[in-house]
Amino acid sequence: MITINENYLKLQDSYLFSTIAKKVAKFGEEHPDKKIIKLGIGDVTLPIAKVCGDAIKKATDEMLQKETFRGYGPEQGYDFLREKIAKYDYEKLGVHIEKDEIFVSDGAKCDTGNIGEIFGNDNVIAITDPVYPVYLDTNIMAGRTGNYDEETGKYEKVVYIPTTAKNNFIPELPTKKVDMIYLCFPNNPTGTVLTKQELAKWVTYAKENKAIILFDAAYEAFITEEGIPHSIYEIEGAKEVAIEFRSYSKTAGFTGVRCAYTVVPKELKAYTKEGKEVSLNSLWNRRQCTKFNGVPYITQRAAESIYSEEGQKQIKENIAYYQENAKLIREGLQEAGYTVFGGKNAPYIWLKVPEGYTSWEFFDYLLETVNIVGTPGSGFGPSGEGYFRLTAFGSRENTIEAMERIKNIK
Ligand code: PLP
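The shown structure was predicted, so the numbers you read here are calculated from the model rather than taken from an experiment.

The rules we used
Residues numbered from 1 in each chain as written. Predicted model: local features only at pLDDT ≥ 70, side-chain atom pairs only at ≥ 80, totals over all residues. Heavy atoms only, no water. Buried < 20%, exposed > 50% of the residue type's maximum accessible area, 1.4 Å probe, protein only. Helix = DSSP H or I, 4+ residues; strand = E, 2+ residues; numbered from the N terminus. Right-handed = clockwise from strand over helix to strand, strands pointing away. Expected span 1.5 Å × (residues − 1). Contact = heavy atoms within 4.5 Å. Arc of directions from axis to C-beta. Axes fitted to C-alpha atoms, helices over the stretch in contact; angles between N-to-C directions. Parallel < 35°, antiparallel > 145°, perpendicular 65-115°, else oblique. Left-handed = near helix turned anticlockwise from the far one by under 90°. Nonpolar A, V, L, I, M, F, W, Y, C, P; charged D, E, K, R; others polar. Domains from an automatic or database assignment. Buried area = accessible area lost by both parts, 1.4 Å probe. Salt bridge = Lys/Arg side-chain N within 4 Å of Asp/Glu carboxyl O. Polar contact = N/O pair within 3.5 Å; in protein donor to acceptor, adjacent residues only side chain to side chain. Near = heavy atom within 4 Å. Areas by Shrake-Rupley, 256 points an atom, 1.4 Å probe, with all protein chains shown as cover.

**Remarks on the pairing of strand 8 (residues 212-216)**
Then comes step 1: Counting buried positions along strand 8 yields five of five residues, so the element is predominantly enclosed.
Then comes step 2: Where the polypeptide runs from strand 7 (residues 180-184) across helix 6 (residues 196-209) and back to strand 8, its parallel neighbour, the crossover connection is right-handed.

As structure tokens, then:
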């Protein structure tokens, strides 16, 4: 008899985006005259930069010629891209990363999800709460979380670290010993960041407890303030305890192109049950070579193109467009009397819902009164209750109109 991985049965159905879609569709049918503005999803809307389009066309022409055609590439990514990453994403921060510590992939979602495969199933995981759901769900699938408790909305073996207005969105170190720590800064969904000192505390904790930090820096390109780390490796000693995930999705509008990378430093070690040290770089390399055949050559050329002077200029124009939207949302909401967080170093604005509302009730209220769609905070974890996420990825016109509508609520 064929059996299943029963851990999958422990997953809670993700009602979040399907429920939103259903509610919005119903409202649209009942009010066909209303223009609904969607500021809910975390997908980009501007086209990719011209340099990327040109690189794609050039690489396509190469693929059409016998002399320049490419078949399977290196599983870890082409040197031309890994060298640029090391030089432009890290050297400029004063961080030395070797090219064979960089693994190019088709997404940070896959990487943050797949990385768990190289770790033992007895490890205790810690997630900040609210959180990007992939970290939790992939650990449920792997069997690390135990069962779901309906009452608390939590999995029994997971250490949840609340990041809310109460602690200024600065997660506190766990009191219980943990092994795998997921940190995402700039954060999705709260849009908040950590300073170097705050991040350094986690690096120290990981060293002292022989733990690993899985640092998701998918939104680093949105950082505007000085002193906010773009990479965890800006913290002394982090190469011994952290894996970093980066993505071109939001940096270069590649949500549909698909390219990302993961840095696994050679200093990074984990242990067998007997306490023998093992290199995580070799394990991840082995995993990727076995299960992954590399990102398309054409895509990697597109990613490479953003590192030219012109490429940087073009992607920064797109990021600046979203940053301006974020500012408009932040300021618009503040003018309307809301308490808002994030939006300065991230494309997400996290607002406190008014007294007396749950996150979902506020969702309904905004949809019905001003026809604006956002995302209820409770969909990102128990500590997201009472909050609401808006994204800066809409068009400028819609962003301005949305804020006008909210300001004019009587
Ligand atoms: N990490 C975070 C925190 C995200 O919010 C997202 C996308 O929304 C991803 C990773 C996924 O990135 P990618 O498109 O590279 O898979």
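Additional details are given in the paragraphs that follow.
**Comments concerning helix 3 (residues 79-90)**
Then comes step 1: Its 12 residues give helix 3 an end-to-end C-alpha distance of 15 Å, which sits within 8% of 16 Å, the value for a rise of 1.5 Å per residue.
Then comes step 2: Buried within helix 3 are the following residues: F80, L81, R82, I85, A86, D89 and Y90.
Then comes step 3: Packed against the buried residues of helix 3 are strand 2 (102-105), strand 9 (242-247), helix 7 (248-251), strand 10 (260-263) and helix 9 (297-305).

**Comments concerning helix 2 (residues 50-63)**
Then comes step 1: Between its first and last C-alpha atoms helix 2 spans 20 Å; for 14 residues at 1.5 Å apiece the expected length is 20 Å, and the two agree.
Then comes step 2: Taken as a whole, helix 2 has its buried residues at V51, C52, A55, A59 and E62. The buried residues of helix 2 all sit within an arc of 95° when viewed along its axis, so they share a single face. Structural note: helix 2 exposes K50 and K57 on the side pointing more than 90 degrees away from its buried face.
Then comes step 3: Each element contacted by the buried residues of helix 2 is listed here: helix 9 and helix 10 (309-335).

**As for the packing of helix 3 against helix 9**
For any two helices packed against each other, one specifies the crossing angle of their axes together with the interaxial distance.
Then comes step 1: Direction vectors running N to C along helix 3 and helix 9 enclose 25°, while the axes themselves pass 9 Å from each other. The pairing of helix 3 with helix 9 is recorded here as roughly parallel in orientation. Of the two elements, helix 3 crosses helix 9, and the hand of that crossing is left-handed. Touching F80, L81 and K84 of helix 3 are Y297, Q300, R301, A303 and E304, all from helix 9.
Then comes step 2: Taken together, the residues of the contact of helix 3 with helix 9 sort by class into four nonpolar, one polar and three charged.

**Some thoughts on the domain arrangement of the protein chain**
Then comes step 1: For the protein chain, the assigned domains read domain 1 (6-47 + 310-407) and domain 2 (53-308).
Then comes step 2: Spacing between the C-alpha centres of domain 1 and domain 2 amounts to 25 Å.
Then comes step 3: Summed over both partners, the interface of domain 1 with domain 2 comes to about 3,200 Å²; 60% of that surface belongs to carbon and sulfur atoms.
Then comes step 4: Interface area lost by domain 1 to domain 2 is led by K10, N345 and F380, which between them contribute 20%.
Then comes step 5: Summed over the shared surface of domain 1 and domain 2, the number is zero salt bridges.
Then comes step 6: Applying the counting criterion to the domain 1 and domain 2 interface returns 18 residue pairs in polar contact (both at pLDDT 80 or more).
Then comes step 7: Counting residues per element, the ones that place at least two in the side of domain 1 that touches domain 2 are helix 10, strand 13 (340-342), strand 14 (348-352) and strand 17 (387-391).
Then comes step 8: Looking at the side of domain 1 that touches domain 2, the element that brings in the most residues is helix 10, giving seven residues.

**Comments concerning the pattern of salt bridges**
Then comes step 1: Taken as a whole and assessed by the stated rule, the structure comprises 25 salt bridges.
Then comes step 2: When the shortest N-O distance is used, the salt bridge between E240 and K207 registers 3.9 Å. With a gap of 33 residues between them, E240 in the loop between strand 8 and strand 9 and K207 in helix 6 connect regions that are remote in the sequence.
Then comes step 3: On the accessibility criterion, E240 (43% relative accessible area) is partly exposed.
Then comes step 4: We classify K207 as partly exposed; its relative accessible area is 38%.

**What to know about the site of the ligand**
Then comes step 1: Around the ligand, the surrounding shell holds 14 residues, and the nearest of these are A108, D216, Y219, S247 and S249.
Then comes step 2: At a separation of 2.8 Å, an oxygen atom of the ligand approaches a polar backbone atom of A108.
Then comes step 3: Coverage of the ligand by the protein amounts to 90% of the 400 Å² it exposes when considered alone.
Then comes step 4: For the shell around the ligand, the elements supplying multiple residues, two or more each, are helix 4 (108-114) and helix 7.

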